[in-house]
Amino acid sequence: MSTEPPVRIDHDGAALRITFDRPDQLNALTTAMLVRASDAVEAAVADDGVRVVVLTGAGRAFCAGADLAGRDLEADPDTGTIDAANRLTGLLRAIPKPVLAAVNGPAVGVGCSFALAADLTVARESAYFLLAFANVGLMPDGGSTALVPAAIGRARAARMALLAERVPAPQALEWGLISHVVPDDEFDGEISRLTTKLAEGPTVAYAQTKRALAAASLAQLDGAFAVEREGQSALFGTKDFAEGVAAFRAKRRPEFRGE
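Everything numeric in this text was worked out from a predicted model, so none of it was measured.

The rules we used
Residues numbered from 1 in each chain as written. Predicted model: local features only at pLDDT ≥ 70, side-chain atom pairs only at ≥ 80, totals over all residues. Heavy atoms only, no water. Helix = DSSP H or I, 4+ residues; strand = E, 2+ residues; numbered from the N terminus. Expected span 1.5 Å × (residues − 1). Buried < 20%, exposed > 50% of the residue type's maximum accessible area, 1.4 Å probe, protein only. Contact = heavy atoms within 4.5 Å. 1 Å grid on protein atoms, 1.4 Å probe; cavity = no way out; pocket = protein on both sides within 12 Å on 5 of 7 lines; lining within 4 Å. Points joined across faces, edges and corners; volume = space filled by probe spheres on them. Nonpolar A, V, L, I, M, F, W, Y, C, P; charged D, E, K, R; others polar. Pairing = 2+ DSSP bridges. Polar contact = N/O pair within 3.5 Å; in protein donor to acceptor, adjacent residues only side chain to side chain. Axes fitted to C-alpha atoms, helices over the stretch in contact; angles between N-to-C directions.

Please explain helix H10 (residues 239–250) as it appears in this structure.
Taking 1.5 Å per residue as the helical rise, H10 with its 12 residues ought to reach 16 Å, and the 16 Å between its terminal C-alpha atoms agrees with that figure. All of the buried residues in H10 are Asp-240, Phe-241, Glu-243, Gly-244, Val-245 and Ala-247. Among the structural elements, helix H9 (221–235) are those in contact with the buried residues of H10. Two residues or fewer past H10, Lys-251 is found with a positive phi of approximately 55°.

Have a look at this one:
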C-alpha cells in the first residue's frame, strides 16, 4: 500500500495534472499533501516536457481547506501548514508556465486561495467559493488577503472574509474573481480544450505575461504571506479558535467571545 500523501500526480502529454485525492473528506488538506503538491509544481519548473499545470480535486469538491478534524488543540500553534500553503500559492504564481485550476466543486478556505492563485480559474456552474476562516475564529491565509482584493476589490474581499458567505460560481465570474464558468455536463470537455490550447501555446510568452501581471497586481503577495502567518499564528492560540473547531466538529454554531 502506498504511503504517499493523497495527491495524484499525472503526466498527460505536456500537461501535469495535480489532483487533491481525499474525496471522502472533500479533499481537506494535510501538510504532507501540500508538500507533495508543491514538490510537483517545483519539479515542473525545470521539466521542459511540462507546458501546463492543471490543479483539481477528486470527487465532488475541489478542496474543503485545511484538515481540522484531527487537529490537536492542546499542542503549540503549528505554522507548518501555513508555510506549506504559502509555498504552494507562491509556486503556482511563479512557475513560468500557465496554471489552470479546474474547480469541480466547492473551493473553501485555503482551497479557495489555491483556486485563485491559478492563471485561469474554471469552475463548474454548481461550484462555489468560500473564505470560511471566520467560522472557526481564524483569518484568511494562503495569500488570499492579496489574491482576493486584487481580483474583486477591497469591499467584496472584506465581505467574503468577514461574513464567510458562499460565492456561487456565476457570481464569482460576474465579480471577476474567476475566468470561466461552465455547465456541469460540459466541464470536463472544456478543461480538456483549455489544457490543450495552453499546452500548444507560446510558453515563453506565457511566462513573461505571468511575470508582468503578477508585478502589476500581486506585488504585495509576499507581504501578505508574512502578515497572514503572523496573524494566524496568534489566532491558533485563542479561545475563539478552540471554540470554532469544537463547533465545527460538533456541527453546531460557534459561540465566540473575542478571547
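On we go from here.
How should I be thinking about the layout of surface pockets in this particular structure?
In this approach a probe as big as a water molecule rolls over the atoms, and the regions it shows empty are the leftover space. The computed volume of the largest pocket comes to approximately 1200 Å³. Along the walls of the largest pocket sit 46 residues, with Ala-64, Gly-65, Ala-66, Leu-68 and Phe-248 positioned nearest its centre. Elements with a minimum of two residues in the lining of the largest pocket: helix H1 (31–45), helix H2 (80–94), strand E7 (128–130) and H10. Broken down by element, the residue count for the lining of the largest pocket peaks at 5 residues, all from H10. Grouping the amino acids of the lining of the largest pocket by side-chain chemistry returns 25 nonpolar, 10 polar and 11 charged. Put simply, the second largest pocket is a space of about 490 Å³. Around the second largest pocket, the lining comprises 21 residues; the ones closest to its centre are Arg-93, Ala-118, Asp-119, Leu-120 and Leu-213. Those elements giving two or more residues to the lining of the second largest pocket turn out to be strand E6 (120–124), helix H4 (144–152) and helix H8 (203–217).

Can you help me understand the sheet that holds strand E8 (residues 167–168) in this one?
Backbone hydrogen bonds are what pair the strands of a sheet, in a parallel or an antiparallel way. Taking strand neighbours across the sheet as the criterion, the 3 strands line up as E5-E7-E8 in an open arrangement whose pairing is mixed. Edge positions in the sheet fall to strand E5 (107–108) and E8, since each of these pairs with one other strand and no more. Direction of pairing for E7 relative to E8: antiparallel, over a ladder of 2 bridges. Looking at E8, one finds that Tyr-128 is bridged to Pro-168.

Sorry, what's going on with unusual backbone geometry here?
Negative phi characterises most residues that are not glycine, and trans characterises most peptide bonds. Within the chain, Asn-27 stands out as a residue other than glycine whose phi angle is a positive 60°. For Asn-27, the position within the fold is in the loop between strand E2 (15–20) and H1. Taking relative accessible area as the criterion, Asn-27 reaches 0% and is therefore assigned buried. Phi angles above zero are rare outside glycine, and Lys-251 is one such case at about 55°.

Help me out: how do you make sense of the environment of Asp-67 in this one?
Mapped onto the fold, Asp-67 is located in the loop between strand E3 (52–57) and H2. Distance in space between the C-alpha atoms of Asp-67 and Glu-230 is 20 Å, their sequence separation being 163 residues. Separated by 3.2 Å, the side chains of Asp-67 and Arg-22 make a polar contact.

In this structure, what is going on with the sheet that holds strand E9 (residues 180–182)? I would like to understand it.
Here 6 strands make up an open sheet; going across it, the order is E1-E2-E3-E4-E6-E9 and the pairing mixed. Taken across any chain shown, the strands that pair with only one partner, and hence form the sheet edges, are strand E1 (7–12) and E9. Pairwise comparison of adjacent strand axes, ignoring direction, gives a mean angle of 20° for this sheet. Direction of pairing for E2 relative to E3: parallel, over a ladder of 6 bridges. If you follow Thr-19 over to E3, its bridge partner there is Thr-56.

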